[in-house]
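The lines below spell out each chain.
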Amino acid sequence: MFWSTFNKLQLSLDQLRPYTGCLYGFPGNQVKVRGHIELRTTFTDGTASRTANIRYLVVNALSSYNILLGRPTLNRIGAIVSTRHMKMKLPFLEGTVVTIMSDQKDTKKCYENSLKTERGMFTVTTQPPREEGVTRVEIARERRPKPAEDVLEREIGGKKFKLSKCLAKRHRTRSPKS
């Protein structure tokens, strides 16, 4: 939850609980975490509704969004999200489903506003970036596996594949069906 949203909801500072972790953007800049708050949040499509306790990290960062729900929360409430269809579905009582649809005009406005402000992607961690000036993206890129140096190109079933020379000779010549 962004600080501006916290203020718009007129929530009391007394409701904020301390949070010991840090939030870092990809460029390594630290985002101030004001604390966390647990709120009963109601999701409704106008006909049915579902209420769940949601723990929000309250951050002091600019955003055109009000809140961001993380995957753990979405998984816990059983939500299925489709960004393509701008909908979120979640189970309700006795097999019914609550479908929350986004308004296209609001979505477009939110997207345009996000392009105007300085955007950053954030990850929650308790450790700062390892080296000064090295971004988290660069660190992640270093950890990716590298392609094998010694490869053989083979055509199998009309498709080209690169096989390691370390692969046993009998496996290099075998067709996928044998």
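*Asks:* Explain the sheet that holds strand β6 (residues 97-101) residue by residue, including any values.
*Replies:* Strand order in the open sheet formed by three strands is β4-β5-β6, with antiparallel pairing between adjacent strands. With one partner strand each, in any of the chains shown, β4 (80-82) and β6 form the two edges of the open sheet. Mean inter-strand twist for the sheet, computed between neighbouring axes without regard to direction, equals 15°. Looking at chain direction, strand β5 (residues 87-91) and β6 are connected through five bridges and run antiparallel.

*Asks:* How would you explain the packing of aromatic side chains if you had to name every residue and give the values?
*Replies:* Applying the stated criterion to the full structure yields one aromatic pair. Summarising the aromatic geometry, the rings of W3 and F6 are spaced 5.0 Å apart at their centres and angled 10° between planes, so their arrangement reads as stacked. Of this pair, W3 and F6 both sit in helix α1 (residues 3-8), separated by three residues, roughly a single helical turn. What makes W3 buried here is its relative accessible area of 16%. Exposure remark for F6: the relative accessible area of 1% places this residue in the buried category.

*Asks:* Just give me the short version of the confidence of the model for the protein chain, but keep the residues and values in it.
*Replies:* This prediction gives the protein chain a mean pLDDT of 77; 72% of its residues lie at or above 70. Here strand β7 (residues 122-125) stands out as the element of the protein chain with the lowest mean pLDDT, 53, in contrast to α1, whose mean of 92 is the highest.

Parameters and conventions
Residues numbered from 1 in each chain as written. Predicted model: local features only at pLDDT ≥ 70, side-chain atom pairs only at ≥ 80, totals over all residues. Heavy atoms only, no water. Pairing = 2+ DSSP bridges. Helix = DSSP H or I, 4+ residues; strand = E, 2+ residues; numbered from the N terminus. Axes fitted to C-alpha atoms, helices over the stretch in contact; angles between N-to-C directions. Phe/Tyr/Trp six-rings, centres within 6.5 Å; stacked < 30°, edge-to-face > 60°. Buried < 20%, exposed > 50% of the residue type's maximum accessible area, 1.4 Å probe, protein only. pLDDT = per-residue confidence, 0-100.

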